[in-house]
Amino acid sequence: MNGIINGIIFDIKEFSVHDGPGVRTTVFMKGCPLSCKWCHNPEGLSPKPELMVRTARCKHCGRCMQPCEHDKCKPFDRCIDACPDGLISICGQEWDSDRLAAKLLQNADFMQSSGGGVTISGGEPTLQAEFVAELLGKLSSVHRAIETCGYCTGERFMSVINNADFVMMDIKIADPEHHKQYCGVDNAPILENFKRLRDSGKPHLIRIPLIPDITDTYENLSAISKIVGDSPVEMLGYNSFAGAKYEGVGRVYTLPNKPNREIDVSIFKNAKLSK
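Now for a quick tour of the structure. (Residues numbered from 1 in each chain as written. Predicted model: local features only at pLDDT ≥ 70, side-chain atom pairs only at ≥ 80, totals over all residues. Heavy atoms only, no water.)

### Quick look at the packing of aromatic side chains
And step 1. This structure, assessed with the given rule, holds 3 aromatic pairs.
And step 2. Seen in terms of ring centroids, phenylalanine 15 and phenylalanine 110 are 5.7 Å apart; in terms of plane orientation they differ by 75 degrees. Their pairing is edge-to-face. Here phenylalanine 15 is found in strand β1 (residues 6-16), whereas its partner phenylalanine 110 is found in helix α2 (residues 108-113), with 95 residues between them in sequence.
And step 3. Measuring from ring centre to ring centre gives 4.9 Å for tyrosine 246 and tyrosine 253, while their planes differ by 65 degrees; the resulting arrangement is edge-to-face. (Phe/Tyr/Trp six-rings, centres within 6.5 Å; stacked < 30°, edge-to-face > 60°. Helix = DSSP H or I, 4+ residues; strand = E, 2+ residues; numbered from the N terminus.)

### Notes on unusual backbone geometry
And step 1. Cis geometry is adopted by the peptide bond preceding glycine 123, which originates at glycine 122 and carries an omega value of 15 degrees.
And step 2. For glycine 123, the location among the structural elements is in the loop between β6 (117-121) and α3 (129-137).
And step 3. Positive phi, close to 60 degrees, is recorded for phenylalanine 15, a residue that is not glycine.
And step 4. Here aspartate 77, not a glycine, exhibits a phi torsion of approximately 55 degrees, which is positive.
And step 5. Tracing the backbone through its elements, the reader meets aspartate 77 in the loop between β3 (50-53) and β4 (88-91).
And step 6. The class for aspartate 77 is exposed, based on a relative accessible area of 65%. (Buried < 20%, exposed > 50% of the residue type's maximum accessible area, 1.4 Å probe, protein only.)

### Digging into the pattern of salt bridges
And step 1. Inspection of the entire model under this criterion finds 16 salt bridges.
And step 2. As a salt-bridge pair, lysine 72 and aspartate 81 come within 3.1 Å of each other at their nearest N and O atoms.
And step 3. Across the pair arginine 144 and aspartate 165 runs a salt bridge, and its minimum N-O distance is 3.2 Å. In this pair, arginine 144 is assigned in strand β7 (residues 143-148) and aspartate 165 in the loop between α4 (154-161) and β8 (166-170), connecting sequence segments 21 residues apart.
And step 4. Its relative accessible area of 12% is what places arginine 144 among the buried residues.
And step 5. Through salt bridges with shared partners, a single network forms among Asp213, Asp216, Lys258 and Arg261. (Salt bridge = Lys/Arg side-chain N within 4 Å of Asp/Glu carboxyl O.)

### Re the packing of α3 against α4
And step 1. Remark: α3 packs on α4, axes separated minimally by 8 Å, with the N-to-C direction vectors making an angle of 20 degrees. When the axes of α3 and α4 are compared, the pair comes out roughly parallel. Our pair here, α3 against α4, has a crossing hand that is left-handed. Of the residues in α4, those touching α3 at Ala129, Val132, Ala133 and Leu136 are Arg156, Ser159 and Val160. (Axes fitted to C-alpha atoms, helices over the stretch in contact; angles between N-to-C directions. Parallel < 35°, antiparallel > 145°, perpendicular 65-115°, else oblique. Left-handed = near helix turned anticlockwise from the far one by under 90°. Contact = heavy atoms within 4.5 Å.)

This is the structure in structure tokens:
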């Protein structure tokens, strides 16, 4: 039966030009199995809805901490609507695939005319693989792209990419121990799924975030180049504002703010550098 699977998303960004070809609408799925120390979407890490508080403008009046009987507030033990400056919001809304597909297709003609489409990002789309696969099936009239870290079973990975037209996949760190240290998990499932992606013949792009002294070292990039071969690669400059949203979701950003350094793209057979 169609239209019965629900998913949780934390944002929809229209008119995006950085999440695949053309002008796109990007959907950000809630939840990620990785815990990368440089993550610039900390509100996407937890799979559950959570509060986002714009702490910089908070006056600490205490109104939001008063007892509240609103159904939407009970899970958080505080009143979301009490803030006089509207600084509190719920990050993570539930959608069913029919309703979300209808919303995303509202701009289908414009997206198609620009060579764009819809991108499913995150968080991590494969964490909600059943919902994402069904959603992509309902978006077949537009170009469909996926942004994924690739950390999941092969079955879940293929169920998603089989319904996509283009796959953007991160390979951040080649060494498994360093990957555990900085991303929280072993990278073996990621590398196995990259092989599945390459063997599938699906158009794809490998993305590498350039984190100073972690992912941007010659040793790491050289090792990744041997893994990906002639697959197209995009290296992404470090986002120095990555830590700005952490306090708002009760997390702490631990990496020092370091500048990007020059990267030799000739390490790869087919690569470009994006700032």
